[in-house]
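Coordinate inspection notes
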Amino acid sequence: MTDTFVALSDPTRRLLLDRLSEEGGLTLSDLAEDLPMTRQAVAKHLAVLEAAELVASERDGRCKRHYLNPVPLAKMARRWLGRFEEVPLAAMAGFHGPVGAGQAART
């Protein structure tokens, strides 16, 4: 799971994941298009995403096509965000209810 957080910590990698979520099967050249970096830099970002299993790749002749793998994201959401779904938001913020007569006198 640590690899997932590390991979998501970089805005360029999040942009690559966004592009892959919109259209899978993109090549390195497709992903590098319009980015202010070299294809080699994009390849390094893809390697981090592949190591975190956020991107799956397959060979298509001489091309390597990349696809978003949403499974690690779903696991992370269940583990880290799911536990807060049943907790009232007011309790998480430390809210104790409306100011009562006893509390108003202290201010």
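Note that the coordinates shown come from a computational prediction; the quantities given were computed from them, not determined experimentally.

Helix and strand content of the chain: seven helices and two strands. For the chain, the sequential pattern of α-helices and β-strands runs α-α-α-α-β-β-α-α-α. Scored against the burial criterion, the 107 residues of the chain give a buried share of 24%. A separation of at least 24 residues holds for 50% of the contacts in the chain among residues at least 6 apart in sequence. Accessible area for the chain stands at about 7,600 Å²; split by element, carbon and sulfur atoms hold 55% of it.

Judged by nonpolar contacts, the single largest core of 17 residues is most densely connected at L31, V42, L49 and L54. For this core, the elements supplying multiple residues, two or more each, are α1 (2-8), α2 (11-22), α3 (28-32) and α4 (39-51).

The backbone of D34 shows a phi angle near 70 degrees, a positive value even though the residue is not glycine. Assignment of secondary structure puts D34 in the loop between α3 and α4. Judged by relative accessible area, D34 falls into the exposed class, the value being 69%. In this structure, E53 takes a positive phi of about 60 degrees despite not being glycine. Note on placement: E53 falls in the loop between α4 and β1 (55-60).

Below, the discussion takes up the pairing of β1. Across six bridges, the pairing between β1 and strand β2 (residues 63-68) is antiparallel. If you follow A56 over to β2, its bridge partner there is Y67.

Let us now look at the environment of R59. With respect to the helices, strands and loops of the structure, R59 is situated in strand β1. R59 sits 32 residues away from T27 along the chain, and the two C-alpha atoms are 9.9 Å apart.

Relative to the assigned elements, K64 resides in strand β2. A C-alpha to C-alpha distance of 8.4 Å links K64 and G25, two positions 39 residues apart in sequence. Residue contacts for K64: discarding those within four places in its chain leaves L26, T27, L28, E50, S57, E58 and R59.

Turning to the pattern of salt bridges, a few remarks are in order. Applying the stated rule across the entire model yields two salt bridges. For D60, the salt bridge identified is with R65, shortest N-O distance 3.0 Å. Looking at D60, the relative accessible area reads 40%, which means it is partly exposed.

Rules behind the numbers
- Residues numbered from 1 in each chain as written.
- Predicted model: local features only at pLDDT ≥ 70, side-chain atom pairs only at ≥ 80, totals over all residues.
- Heavy atoms only, no water.
- Helix = DSSP H or I, 4+ residues; strand = E, 2+ residues; numbered from the N terminus.
- Buried < 20%, exposed > 50% of the residue type's maximum accessible area, 1.4 Å probe, protein only.
- Contact = heavy atoms within 4.5 Å.
- Areas by Shrake-Rupley, 256 points an atom, 1.4 Å probe, with all protein chains shown as cover.
- Core = buried A, V, L, I, M, F, W, Y, C linked by side-chain atoms within 4.5 Å.
- Pairing = 2+ DSSP bridges.
- Salt bridge = Lys/Arg side-chain N within 4 Å of Asp/Glu carboxyl O.

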